[in-house]
Amino acid sequence: MAQERKKIPLIWKITAGFLLGVAAGALFGPKITWVEPVGKIFITLLQMLIVPLVFSSLVVGVASLGDPKALGRIGIKTIALYLVTTAVAIVIGLAMGHLLQPGAGMAIEGIAATEGKAPPALAEVLIGMFPRNPIDAMAKGQMLQIIVFALFFGIAAILAGERGKPVLALVDSIAETMYKVTALVMSFAPYGVFALIAVTVSKYGLSVMAPFAKIIGAVFIGCTLHALLIYSGLVSLMTKKSPLWFFRGIQEATLTAFVTRSSSATLPITMRCAQENLGVSEKITSFVLPLGATINMDGTALYQGVCALFIAQAFGIDLSLGAQAGIIVTATLASIGTAGVPGAGLIMLTLVVTQAGLPMEGVALLAGIDAVLDMARTAINVTGDACVATVVARTEGELEA
Ligand code: ASP
């Protein structure tokens, strides 16, 4: 009988793909862009997982709670943690902007500050959460609407008692199958990661980044600090486990987020890492993580704080303390409204910038390097979701010892 080969852990292969990709991008430049389809296919495959995986696992998760009260309690804890970590992220972003002064000395002639524009009305956001047609919501990948429908469906299946059981068994089987599909797609990750990073490095080469090195540094250092202070702190305080255990457990998701620049596309991997490596129950991951991938964006919020200050400095505008407090509020709302797709944070930055009365030209200035900033912020967005899932699981007795 053939001896079983010792398997190389997937994360090593993904890391190798990443490093080789950086080298290939730097060495071959535009000549490497022929690998682009491989990266695009990888992202498409990840997107293919989202709707069936989120719907089926959320229904199973809600039904397994069996008690609407528990759902309410978990929901409140989750949302509170999401909001607090987001606000802290913006404060760290503003602090980085003050410390590193990324826009100082650029002295760009400002066109008069634009009029403040109101953020989207809360009522509109609330109404938009409810799907008129759940099939349409799934076809369009409207995450919040899918989450709301799955909550109804899971609770109703429990209320239906005996007669609800067959449908739950079917959805459970779909969820299990989708976990396997996720594992299959993940085995393709090293190649996808290689292609994505090679193309990015070839496009944005190191020299292009030089003038913006400071802002890139501010966002990257801020993101790292947020992870080291807030996530490490939360994990060790609440779970009594080492932060290293947490970061190791979630690293496949962090790295995938970094290269795909999409929280939504990374979601299946985040769920898998949280369940398999961190021991968070399916119940918790299936509720907390899809919600997080949709509304919790610590990295995006932090980036908006840094960028607002960068723009103010570059155009020589003084931001009062009050204006900065306003930025904390609008950036929290803007990050909630940011879709988990590449570049969405840049679009929402326009909201923060107009609200703070800063010139819109600043956003255009940042657009050129957005892909680089997006990598760091998406990695933090996803890691933050997993951190909250771990903490909530712990408080609910849903974390494996
Ligand atoms: N790309 C980010 C994400 O998917 C969103 C953003 O652009 O800030 O989490």
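Worth saying up front: this structure is predicted, and the values here are computed from it rather than measured. The numbers attached to residues start from 1 for each chain and follow its sequence in the written order. Local features in this predicted model are restricted to residues whose pLDDT is 70 or higher, and side-chain atom pairs enter the listing and the counts only when it is 80 or higher, whereas totals over whole chains, interfaces and linings include all residues. Excluded from the side-chain calculations are hydrogens and water; all other atoms, namely the structure's heavy atoms, are used.

**Side note on unusual backbone geometry**
Glycine aside, negative phi is the norm for most residues, and most peptide bonds take the trans geometry. A positive phi angle, close to 45 degrees, is found at Q101, a residue other than glycine. Here a helix means four or more residues in a row that DSSP labels H or I, a strand means two or more in a row labelled E, and each is numbered from the N terminus. For Q101, the location among the structural elements is in the loop between helix 3 (68-100) and helix 4 (122-128). For every residue, the accessible area (1.4 Å probe, protein chains only) is compared with the maximum for its type, and the residue is labelled buried under 20%, exposed over 50%, or partly exposed between those bounds. Q101 sits in the partly exposed class, given a relative accessible area of 32%. Unlike most non-glycine residues, K240 shows phi in positive territory, near 60 degrees.

**Points about the nonpolar core**
Buried Ala, Val, Leu, Ile, Met, Phe, Trp, Tyr and Cys residues form a nonpolar core when they are joined through side-chain atoms within 4.5 Å. Membership of the largest hydrophobic core comes to 118 residues, with the highest contact counts inside it found for I215, F246, V288, I311, L349 and L366. No other element matches the 15 residues that helix 2 (residues 36-65) contributes to this core. By definition, residues are in contact when any of their heavy atoms lie within 4.5 Å. Discounting residues that sit within four places of it in the chain, F246 has contacts with Y231, V235, L278, T383, A386, C387 and T390. Among the nonpolar cores identified, the runner-up in size contains 6 residues, and A24, I32, A195 and V199 belong to it.

**A word on the packing of helix 13 (residues 282-295) against helix 18 (residues 370-395)**
Axes here mean lines fitted to C-alpha atoms, for a helix over just the part in contact, with angles spanning 0 to 180 degrees between N-to-C directions. At their nearest, the axes of helix 13 and helix 18 sit 9 Å apart, and the two run at 150 degrees to each other. Judged by the sense of rotation from one axis to the other, the crossing of helix 13 with helix 18 is right-handed. Residues I284, V288, L289, G292 and A293 of helix 13 form the contact with helix 18, whose own contacting residues are D385, A386, V388, A389, V392 and A393. A clockwise turn of the near helix away from the far one marks a right-handed crossing, whereas an anticlockwise turn of less than a right angle marks a left-handed crossing.

**Topic: the pattern of salt bridges**
Salt bridges are defined as contacts in which a side-chain nitrogen from Lys or Arg sits within 4 Å of a carboxyl oxygen from Asp or Glu. Taken as a whole and judged by the stated rule, the model has 11 salt bridges. Here E276 makes a salt bridge to R272, at a shortest N to O gap of 3.8 Å. Placement of both E276 and R272 in helix 12 (residues 263-276) is noted, with a separation of 4 residues, approximately one turn of the helix. The exposure class of E276 is exposed, given its relative accessible area of 55%. Look at the salt bridges and you will find they share partners, linking R261, D370, D374 and R377 into a network.

**Regarding the site of the ligand**
In these notes, residues near a molecule or strand are those with any non-hydrogen atom within 4 Å of it. Around the ligand sit 17 residues in total, of which S263, T300, G345, D374 and R377 are the nearest. Polar contact is defined as a pair of N or O atoms within 3.5 Å, subject to the rule that within protein one atom must be able to donate a hydrogen and the other to accept it, and that residues adjacent in sequence are counted only when both atoms are side-chain atoms. Contacts to the ligand include R261, whose backbone N or O atom sits 3.0 Å from a nitrogen atom. Starting from 270 Å² of accessible surface for the ligand in isolation, the protein chains cover 100%. Of all the elements in the fold, those that place two or more residues in the shell around the ligand are helix 16 (344-355) and helix 18. The dominant element in the shell around the ligand, judged by the number of residues it contributes, is helix 18, at 4 residues. Surface exposure here means Shrake-Rupley accessible area, sampled with a 1.4 Å probe, where a residue is shielded only by the protein chains that are shown.

**A short note on the confidence of the model for the protein**
Per-residue confidence from the prediction method is given by pLDDT, with values spanning 0 to 100. Looking at the protein, the pLDDT average stands at 87 and 92% of residues meet or exceed 70. Every residue in residues 110-117 scores below 50 in pLDDT, and together they form 14 contacts with partners more than four places removed in sequence or on other chains.

**Quick notes on the environment of A89**
Take A89: it is sitting in helix 3. On the basis of relative accessible area, A89 is assigned to the buried category, the value being 0%. Residues A89 and E282, 193 residues apart in the sequence, show an inter-C-alpha distance of 28 Å. Excluding anything up to four places from it in sequence, A89 contacts H226, D298 and L302.

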